[in-house]
Amino acid sequence: MPGDGDTHTPRSENRRLNALVGHWRSQGQTAATPSEPVIRIVGSDTYEWLAGEHFLIHRVDVRMNEEHVEVIEMIGPYDPASRTYPMRSFDNHGNFGTMRASVDNDGIWTFTGETERATLTIAEDGDAMTAVWERTDNGSDWRHWMDMSFIKDS
């Protein structure tokens, strides 16, 4: 996918992803269900540009209770046809998935996949974020899944 006319220049819309760039301390927990207890989540998220700034690399390194989870995700480049940023993720348990990200005029990000979706809000000063995640088993009935908070490391 070419940029704004120059195949080596990223699309100008990719600049909106700069709000995520940095190293973040992350924590949160899943919502309890009748069959699943609360799972506490602690670790880090790092967002950095791949050279050329066409793709943002997102690395997750967390503990979910005692389980170690690592994820690498590629975000971008901006797709003008859908007005979204494609996302592709891979984890240390052999899982992979795709989602699409979008951002509104207030800077609220939405990540949407087939069975998961999230709303990410970045604080005005850019040093904190919160995310509310939902899941579905049937594609139409969404239930609260987890809450996460992120503090940018200085």
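Our structure's up above, just so we're on the same page.
To start, this report covers the structure provided alongside it. (Residues numbered from 1 in each chain as written. Predicted model: local features only at pLDDT ≥ 70, side-chain atom pairs only at ≥ 80, totals over all residues. Heavy atoms only, no water.)

Let's talk about unusual backbone geometry
In step 1: The peptide bond linking Gly 76 to Pro 77 adopts the cis configuration, its omega dihedral lying at -10°.
In step 2: Mapped onto the fold, Pro 77 is located in the loop between strand 4 (67–75) and strand 5 (85–91).
In step 3: At Asn 65, a residue that is not glycine, the phi angle is positive and equals roughly 55°.
In step 4: Overall, the relative accessible area of 39% leaves Asn 65 in the partly exposed class. (Helix = DSSP H or I, 4+ residues; strand = E, 2+ residues; numbered from the N terminus. Buried < 20%, exposed > 50% of the residue type's maximum accessible area, 1.4 Å probe, protein only.)

Some words on the pairing of strand 7 (residues 109–112)
In step 1: Where burial is concerned, the two faces of strand 7 differ: the one with Trp 109 and Phe 111 is buried and the one with Thr 110 and Thr 112 is not.
In step 2: In this sheet, strand 7 lies alongside strand 6 (residues 96–103) in antiparallel orientation, the contact comprising four bridges. The residue bridging Arg 100 from the neighbouring strand is Thr 112, located in strand 7.
In step 3: Following strand 6, the chain reverses through five residues before pairing antiparallel with strand 7; Gly 107 in that reversal takes a positive phi of roughly 80°.
In step 4: Inspection of the sheet shows strand 7 paired to strand 8 (residues 116–122) by four bridges, in the antiparallel sense. Opposite Thr 110, over in strand 8, you have Thr 119 as the bridge partner. (Pairing = 2+ DSSP bridges.)

A few points about the packing of aromatic side chains
In step 1: For the coordinates displayed, the defined rule picks out four aromatic pairs.
In step 2: When the ring of Trp 109 is compared with that of Phe 111, the centres are 6.4 Å apart and the planes differ by 10°; the resulting orientation is stacked.
In step 3: By relative accessible area, Trp 109 is classed as buried at 1%.
In step 4: Overall, the relative accessible area of 6% leaves Phe 111 in the buried class.
In step 5: Plain terms: the ring middles of Trp 133 and Trp 145 are 5.9 Å apart, the flat faces sit at 85° to each other, and that makes the pair edge-to-face. Separated by 12 residues along the polypeptide, Trp 133 in strand 9 (residues 128–136) and Trp 145 in strand 10 (residues 142–152) bring together distant segments of the chain. Of the two residues, Trp 133 and Trp 145, neither departs from the other in class, the shared state being buried.
In step 6: Counting every residue linked through ring pairs, the aromatic cluster contains Tyr 78, Tyr 85, Trp 109 and Phe 111. (Phe/Tyr/Trp six-rings, centres within 6.5 Å; stacked < 30°, edge-to-face > 60°.)

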